[in-house]
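# Structural characterization, general
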Amino acid sequence: MAAWDLSVIVEDLGNETPPVSLSVTSDFHIGGVMLKLVEKTQIKRDWSDHALWWEQKQQWLLRTAWSLEKYGIHADARLVFMPQHKPLRLGLPNGITLRLRACYSSPVFKTVMGICRMLNIRHPEELSLLRPVEEKKKKKDKDVNEEIYDLCEVPLTSASRPCLYNGMPAHFADSAQMESIYKMLSITQPPPAPEVLAKQYRPASVVDKAHINGRWLDSSRCLLQQGIQENDRLWLRFKYLTFYELDPKYDVVRLTQLYEQARWAILLEDIDCTEEEMMLFGALQYHISKVSQSEPQILTTNAAMDDLESALQCLEVKMEGESSSASEMLENMTAPELNDYLKIFRPKRLTLKGYKQYWFKFQDTSISYFKSKEESIGEPIQQINLKGCEVAPDVNVAAQKFLIRLLIPAPEGMNEVYLRCDNDQQYAQWMAACRLASKGKSLADSTFQSEIQSIRSFLAMQKTNSGSHGNYDVHKWTTLTTTFFVLKPLNMLINLIFYPNVAQLSLTDAVMRFLQIWQSLPDFGLSYVVVRFKGSRKDEVLGIAPNRLIRIDLGVGDVVKTWRYNNMKQWNVNWDIRQMAIEFEGNVNIAFGCVTADCKIVHEFIGGYIFMSTRSREKSDTLNEELFHKLTGGHEAL
């Protein structure tokens, strides 16, 4: 076979050095080309992380046994010999920027796994990388005041769980400097100065929020394929807002970063909330900020106890599986009922009808209602099965408003129903029952009473008490609110000191409570994309939630239709015309093209959320990467 010359740029020799010319034949394998290159450079160093990058095809040549002919490489190919791991500037949710070595040759999904392993963040499948939003400052002073913490010397490991020393990964326990970086990752940051807050990008509309979602990187392609170069800046954020096994014992960094992402979402008005909820968030944020500065973080852990706990969890899973059928039978025999007068309202367009009172009966996972208590012996006006429905609160304690918002699955989308309770006690019982029923559990479930208690404590936090100011210094409070929680007038925020229950919470409990309230907001978990539905002449908004898709009118902001993933039969992407088609049960079909994001991003969101729903406790230590890429990858992945 005739020999020919192949030119390869060796990145380590510098930009000014001419390419290295090699005499090769078409049956020469990639490993042999790399060996020849190393011999020609005559530099003695570790070359094990290096690989060949084909510039024209934007492709890594990682199959070292493949020949040049099999890859289709000819003399005109521009190849670069470079390290697969390079420095990357990574912005975390709490505003800290790290410089660390990331893999530029693996799919972004695997790169994020490596980053999370280094930072001790469990369940990396929930996070991803996105291009940052440009801040309001000139290019020349872009990074003047930015402090970057360097982790480039941290050795990379392939272990699924890092070895912990004093509660932190061993590489953070090497020096006082590294330990201080880990503390920054695991302790909430002090309130931002007003000028910092003013520079942050604030979405003014749903369309602005939709543009942000167009910045997510493709999980199935590597960083270099997406134009990310050495020392470029990216953000690490929670992308799939469905959080598995949040455990304060193991998730110190994960919980802190999640709290910071939630806090900034509220500060920058990325998610809507009522004034009452805002005041509660403000009280919790103040309390968390105060306590985190004084309460020492407990980082110690016992390996033997961890092993014992893991073994007990496995035993619990096994016993749950064996006894499920017996417990279900017992539940059905002894399940209690809830009976009371409630008001019901079915919101529909162009209707002026208000709430109407009926006698309601809750049994198993269904609600039935009758004209009166006396008529409850006969047939109900309607019976509604709540299994698989959406349950959202709409509460204002000060105004004595206790609403339960139900979204009932239907073939054409979702039917909306509002239940109005008379007081907080009635609301706690019925809300707890609805939440359990949506998960397929009856009132006999062991968690029913704890669910009621949790709702009652949440309502109690919203009750003001003018006689108790907790331990707060009013002067410090007013100073803090003017610089930190700047969304609403100060006189409203002063009322936050009247929430005495917040002052008694520990740091962990306060963070967990903050996240629970965040997750209970009606718009929580919605990622927006502007789309054009097939047959429509105007742009609309598609809201992508952890368990459903929502069609939203762009002009009015009203929800037009809702479709649940568990009613989805299949979804397809036409990569040529960049259009998605989804088929639901009941012969419901929708098709749309994406305006503000690539259809691959929408495809990845849907597939990713379906992947998240497949997680279980038995499989929590192993991540099925193959299944993730099957559900989220494009035609290249297939």
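As annotated in an unreviewed UniProt entry, the chain is PH domain-containing protein from Anabas testudineus. Per UniProt, the chain carries the Sequence similarities (unreviewed entry) text "Belongs to the kindlin family."

## Digging into the sheet that holds strand β25 (residues 579-584)
Taken in spatial order, the 7 strands make up an open sheet running β23-β22-β21-β20-β26-β25-β24, and their pairing is antiparallel. Of all the strands in the sheet, just β23 (559-564) and β24 (568-574) have a single pairing partner and so form its edges. Each adjacent strand pair in this sheet contributes to an overall mean axis angle of 30°, direction not counted. Pairing of strand β22 (residues 548-552) with β23, which is carried by 5 bridges, proceeds in the antiparallel orientation. Within β23, the residue paired with R548 across the bridge is R564. Running at roughly 100° to strand β20 (residues 527-533), helix α6 (residues 206-213) makes contact with β20 and β21 (540-544) of the sheet. Across the sheet, helix α16 (residues 599-612) is in contact with β20, β21, β22, β24, β25 and β26 (588-594); its angle to β24 comes to roughly 155°.

## Focus on the side chain of N120
Locating N120 in the fold gives a position in the loop between α3 (108-119) and β8 (127-130). One polar contact links N120 to Y182, side chain to side chain, over a distance of 3.0 Å.

## Here's the deal with helix α17 (residues 625-632)
Since one α-helical turn is 3.6 residues long, residues separated by three or four positions face the same way. Where α17 is concerned, the buried positions are F628, H629, L631 and T632. Down the axis of α17, the buried set is contained in an arc of 165°. They therefore lie on one face. In α17, those exposed residues whose orientation departs by more than 90 degrees from the buried face are E626 and K630. Looking at the packing, one finds that the buried side of α17 touches α3, β24 and α16.

## Some details on the environment of K630
Its place among the elements puts K630 in helix α17. In the structure, K630 is positioned 23 residues away from G607 in sequence and 8.4 Å away in space, judged by C-alpha atoms.

## Structural notes on the sheet that holds strand β1 (residues 4-10)
Two orientations exist for strands paired in a sheet by backbone hydrogen bonds: parallel and antiparallel. The 5 strands are arranged β2-β1-β5-β3-β4 in an open sheet whose pairing can be described as mixed. A strand with exactly one partner marks an edge of an open sheet, and here the two such strands are β2 (20-24) and β4 (59-61). Direction aside, neighbouring strands of the sheet carry axes that sit 35° apart on average. As paired strands, β1 and β2 are joined by 5 bridges and run antiparallel to one another. Note that in β2 the partner of V8 across the bridge is V20.

## A look at the pattern of salt bridges
Overall, the coordinates contain 28 salt bridges when judged by the stated rule. The closest approach of N and O atoms between K110 and E625, which form a salt bridge, is 3.4 Å. Separated by 515 residues along the polypeptide, K110 in helix α3 and E625 in helix α17 bring together distant segments of the chain. For K110, a relative accessible area of 41% translates into the label partly exposed. Of the residues examined, E625 reaches a relative accessible area of 22% and is grouped as partly exposed. It is possible to trace a salt-bridge network through shared partners that takes in R122, E125, E126, E245, D251, R254 and R615.

## Some details on the nonpolar core
Core analysis: the largest hydrophobic core is formed by 107 residues, its most contacted members being L98, L119, L151, L223, W518, F592 and I606. Ranked by the residues each element gives to this core, the list is headed by α16, at 9 residues. In this structure, F592 is in contact with V531, R532, F533, K534, L542, Q579, M580, I582 and V602, ignoring residues within four places of it in sequence. By size, the runner-up hydrophobic cluster in this structure holds 35 residues, among which are C389, F402, A433 and L443.

Cut-offs applied
- Every chain's residues receive numbers from 1 upward, in the order its sequence appears when written.
- Thresholds applied to this predicted model are a pLDDT of at least 70 for local features of residues and 80 or more for the giving and counting of side-chain atom pairs; totals over whole chains, interfaces and linings are not thresholded and use all residues.
- Heavy atoms throughout the structure, all of them, feed into the side-chain values; hydrogens and water do not.
- UniProt positions are given in the numbering used here, feature names are shortened, and annotations may be inferred rather than shown by experiment.
- A pair of strands is labelled paired if DSSP reports no fewer than 2 bridges between them.
- Elements are defined by DSSP. Helices are runs of H or I of four residues or more, strands are runs of E of two residues or more, and each kind is numbered from the N terminus.
- For every element, the axis is a line fit to its C-alpha atoms; helices are fit only across the contacting stretch, and the angle between N-to-C directions ranges from 0 to 180 degrees.
- Contact criterion: two residues are considered in contact whenever any of their non-hydrogen atoms come within 4.5 Å of each other.
- As used in this structure description, the phrase polar contact means that two N or O atoms lie within 3.5 Å; if the pair is within protein, one of them must be able to donate a hydrogen and the other to accept it, and residues adjacent in sequence are counted only when both atoms belong to side chains.
- Buried residues are those whose accessible area, probed at 1.4 Å on protein chains only, stays under 20% of the maximum for their type, while exposed residues exceed 50% and partly exposed ones sit between those limits.
- What the arc covers is the set of directions going from the helix axis to the C-beta atoms.
- Should a side-chain nitrogen of Lys or Arg be within 4 Å of a carboxyl oxygen of Asp or Glu, the pair is scored as a salt bridge.
- By nonpolar core is meant a set of buried Ala, Val, Leu, Ile, Met, Phe, Trp, Tyr and Cys residues that side-chain atoms within 4.5 Å join together.

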